Amino acid sequence: MSELDYSVNLTDTAFPMRGDLAKREPAMVEYWQSNKVYEAIRQAHKGRPKFILHDGPPYANGSIHIGHAVNKVLKDIIVKTRGLMGFDAPYVPGWDCHGMPIEIQIEKQHGKNLPTVEVQAKSRAYATTQIANQKTEFQRLGVLGQWDNPYRTMNFANEANELRFLGRLMEKGYVYRGLKPVNWCFDCGSALAEAEIEYADRRDPAIDVGFAFAEPDKIAAAFGLQTLPMSQGHMSQGHIVIWTTTPWTLIANQALNIHPEFEYALVQYDAKDATEKTAARAAGLLILASDRLTSCLERYGLSGAIIARCNGRALAGIAFHHPLANAHSAYARTAPVILADYVTLDSGTGVVHSAPAYGVEDFNSCKAHGMRDDQILTPVMSDGKYHPDLALFGGMSIWDANKAIGLALTEQGSLFKFEMLAHSYMHCWRHKTATIYRATSQWFASLDGIPKNQSESLRSAALRGVAATAFYPAWGQARLHGMIANRPDWTLSRQRQWGVPMAFLTHKVTGELHPNTPALIEKIAARIEQEGIEAWQKMTVAQLLEGDSNNNNNSKAEDYQKNPDTLDVWFDSGSTHFTVLRGSHADSLQFPADLYLEGSDQHRGWFHSSLLTAVMHDGIPPYKALLTHGFVVDGEGKKMSKSKGNTVAPQEVCNSLGADILRLWIANTDYSGELTISPEILKRVTEGYRRMRNTIRFLLANTSDFDRQKHYVPLEQRKEIDRFALAQAQQLQVQLNGYFEQYEFHAATTRLLSYCSEDLGSFYLDILKDRLYTHGSDSMTRRAAQSTLYDITDNFLRLLAPILSFTAEEAWRVFKPQALTVFTETYASLPAAKNINAQNDNALIGRYERLRALRSRVNKQLEQARTEGLIGAGLDAQVELILTADELAFAHSFADELKYIFIVSDVVLALGEQEQIIIKASTHPKCVRCWHHTDSVGRNAAHPSVCARCLNHLGIGAT
């Protein structure tokens, strides 16, 4: 026999070393779709306990970005891991379809002022196209779901059921119409939700303005004086001073607020104290909060003496002239003092001017003191301009009017200070332009009223719901609690065209709802269910009331009008627990959902609106748990921006590196904070992926000639190290199950990576190579090793599938060619779990951890010997271990296996007082087959270059 016949067992696999993911993955997506893999998963998991992750709908506009990818992949990982755990975990993707961003796109493409019906038709077509594009991009990420039947908020049935849902909430008494200040965007021309407001820096005028004394006798009495001081024989000019950063609101001033418990000072100054700007006031009196007195006088360039002090409560009800009272008769009105606890001493004068139409606290304060809705001044129109009939400033933009108001105040001697101030201010999240609070007649959901047949307010019930919900991470609970606790009533109505209509009739004079509103809502909903929201535009009041058995002389068609408002788009998505979980997809989903998962901004958005709508309807949250992920930032921690050029597009990553690289980055990043991504980070992720892929390839290659039906070796007939590897695989499964249950994907992925590189690659597989390559191809020892590899592969691919879905599926089809998909599987039932109890597993793992520690110390010395040129490969070495008695006994327990475990040619054990590891070069010849140095090489004259052990494995014999 020539030396060329001394071949080892080098098997191969169809699973390639190079992933070439960017090319292979699209074919896998096609495979999943054409073979209806999602449907097969549902069939395989049918009858199991349900786990429902309800998809928060992305908006149907534009290509997906990296944040979308993070969101969908996290959801996909959860759904797939719950399948592994033995749940039936369907995934129904959804889309948010109504709202302003789509309307804006239609305006850009087709111009403004289109008829509503045309806007709706074009918006529906546009959203349909966007959904199709995003669907393809999500599928490319490896996300499996009911893509052929997703939910869309614009589906006719969903639109109809959303209207029905609104009707139920109205019947329960949560919905009312009223005049309130709401967030208003001039560019949108509509009220905004709290979630649609963001804050950005802005420069505005900050002015100190005096309201002249109108009732001096009452002021004197409040300060305990008989009369106010005289100056040059005349009553001193006096002002109570306010500070504001919104001069434009002074036009609508109707009151002044002071704190009942603060001390206020009456201060006198003379002409000699006045600066050039205050010279118009020859002498005067000022009312300021005592604690703000020094800083205010210094800012005004004045000095003066305190005449008297009083508690704020003493000033209640006293009226002061509007600062422009002498500029035009339209402003010849007074502002009474109203006590308010929200006044602070942090800045300003301790006196706050109140324009109830343009501030929530102002509004509430004035209403609490008896002001009627019809008394509230509302001069600002929806486009941000004053009404044309407004005196002095009619037709001006409120922002442009700030300067003009400042000039007018100066002319009247009412302006004490004018300066520009940079401050954080409300902006529309779509247009990035400044918004205001603006009192308009809107429909609201009451947070604090007690609805009929209820014992508590919506706010109270919602806060109980927050307390009953599990949060991942835990800090989300305090965040959502704070937002619910401090929010105003929810503004449900919007002034848009592309949205679900608040489709009911109101009386033209009284504004009251039609007495038969519930039946009318159902009538309208039935039409919408057939024709979409477009039906509402076609229906007339007469048609709606036709055939109404409850109609009477007080309900004539000419007395009623169609409500023109649409529903807040957050109500669309926030009611999907009704329209989807219990509506369009009730056959596969259920209420409440086990989990909602979105970005951290959704504490203000979808988490928030869903909670309120569910509590109104059902008294409980629509979810059992909330998971929040952070936003994606670049490698320097900066927010991603196209203008900065630091964005990472998921499409580009998929087309260059592959979706599995993106999935691995997402899984291996702590989602509870900001997720950092950059080309350098993706490069490191790719290196980790290659280690995993190489491990899979080794497993598949070394089981490629293994037939489980013929070659499987029972656990008790395998070597101890095999049993250890199975115990470790079982431990891995338990660990990952725990991580997945708590949504700790970062910990799970880190463990998988370490399992590949350390537990398998650097230890078990490294040691196993000798047995796999050199033992007889059909020997019991090799088949036992392959049996263990088979069990490990069966387990490992299942655990890996939720994260590296494409790679695991590719490997599974090689591992089990007859199987449709890995995703119908649950956790593998490992033989270690059946034949070795947990106590023995732990003891075995502990024994081998101790051995690995010894091996690590030996490897360190071997590496030093290689560096010094004493040996080449480890098999060139002989290791002498001098050990203490306990360690020596431990080493002896492995008998002749130590040299294979250390991967050296010989191990000599000796007793000593302390551990010593001595490396020597073997003096024996090297076997050309197994590369071990042994004195048995050359004993067989016919095979002089092969050791006796290899000859036995080849069936030749030693002699």
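Everything below is about the structure shown above.
Model, not experiment: these values are computed from the prediction. (Residues numbered from 1 in each chain as written. Predicted model: local features only at pLDDT ≥ 70, side-chain atom pairs only at ≥ 80, totals over all residues. Heavy atoms only, no water.)

Asks: Sorry if this is basic, but what is going on with the environment of S754 here?
Replies: With respect to the secondary-structure elements, S754 resides in helix 24 (residues 745–774). Reaching out from S754, the side chain makes a polar contact with the backbone oxygen of R751 at a distance of 2.9 Å. (Helix = DSSP H or I, 4+ residues; strand = E, 2+ residues; numbered from the N terminus. Polar contact = N/O pair within 3.5 Å; in protein donor to acceptor, adjacent residues only side chain to side chain.)

Asks: Explanation requested: the sheet that holds strand 29 (residues 877–883) in the structure shown.
Replies: Taken together, three strands build an open sheet; the order of strands is 30-29-31 and the sheet is mixed. Taken across any chain shown, the strands that pair with only one partner, and hence form the sheet edges, are strand 30 (906–911) and strand 31 (916–921). The average angle at which neighbouring strand axes cross in this sheet is 20 degrees, direction not considered. Here six bridges tie strand 29 to strand 30, and the two strands are oriented parallel to one another. (Pairing = 2+ DSSP bridges. Axes fitted to C-alpha atoms, helices over the stretch in contact; angles between N-to-C directions.)

Asks: Teacher, can you tell me more about empty space enclosed by the protein here?
Replies: To locate leftover empty space, one rolls a probe as large as a water molecule over the atoms. Applying the stated criterion across every chain, the model contains four cavities of 30 Å³ or more. Of the pockets and cavities examined, the largest cavity occupies roughly 160 Å³. Surrounding the largest cavity, 17 residues form its lining, I41, H45, V79, K80 and F823 being those nearest its centre. At the level of secondary structure, the elements contributing two or more residues to the lining of the largest cavity comprise helix 2 (37–44) and helix 3 (66–84). For the lining of the largest cavity, the element with the most residues is helix 3, which contributes five residues. Of the residues assigned to the lining of the largest cavity, the class counts are ten nonpolar, two polar and five charged. Empty space within the second largest cavity amounts to approximately 110 Å³. G99, M100, R494, R496 and V569 are, among the 16 residues lining the second largest cavity, the residues nearest its centre. Secondary-structure elements contributing two or more residues to the lining of the second largest cavity are strand 5 (190–191) and strand 24 (566–567). Looking at side-chain class alone, the lining of the second largest cavity contains six nonpolar, five polar and five charged residues. (1 Å grid on protein atoms, 1.4 Å probe; cavity = no way out; pocket = protein on both sides within 12 Å on 5 of 7 lines; lining within 4 Å. Points joined across faces, edges and corners; volume = space filled by probe spheres on them. Nonpolar A, V, L, I, M, F, W, Y, C, P; charged D, E, K, R; others polar.)

Asks: Honestly, helix 9 (residues 360–368) in this entry has me stumped. Any pointers?
Replies: Given 3.6 residues per helical turn, the α-helix brings residues three or four places apart onto the same face. Burial in helix 9 covers these residues: D362, F363, S365 and C366. Taken end-on, helix 9 shows its buried residues confined to a sector of 165 degrees, consistent with a single buried face. Check the buried side of helix 9 and you find it contacts strand 4 (175–185), strand 10 (255–258), strand 15 (334–339) and strand 16 (351–354). One or two positions beyond helix 9, positive phi appears at G370, with a value near 95 degrees. (Buried < 20%, exposed > 50% of the residue type's maximum accessible area, 1.4 Å probe, protein only. Arc of directions from axis to C-beta. Contact = heavy atoms within 4.5 Å.)

Asks: I keep staring at the environment of L581 and nothing clicks. Help me out?
Replies: The topology assignment puts L581 in helix 17 (residues 576–584). The buried category is assigned to L581, whose relative accessible area is 1%. Sequence-distant contacts of L581, that is, excluding residues within four places in its chain, are made with I52, H54, T576, A586, L589, Q590, F591, A593 and Y596.

Just geometry here; none of it tells us what the structure is for.
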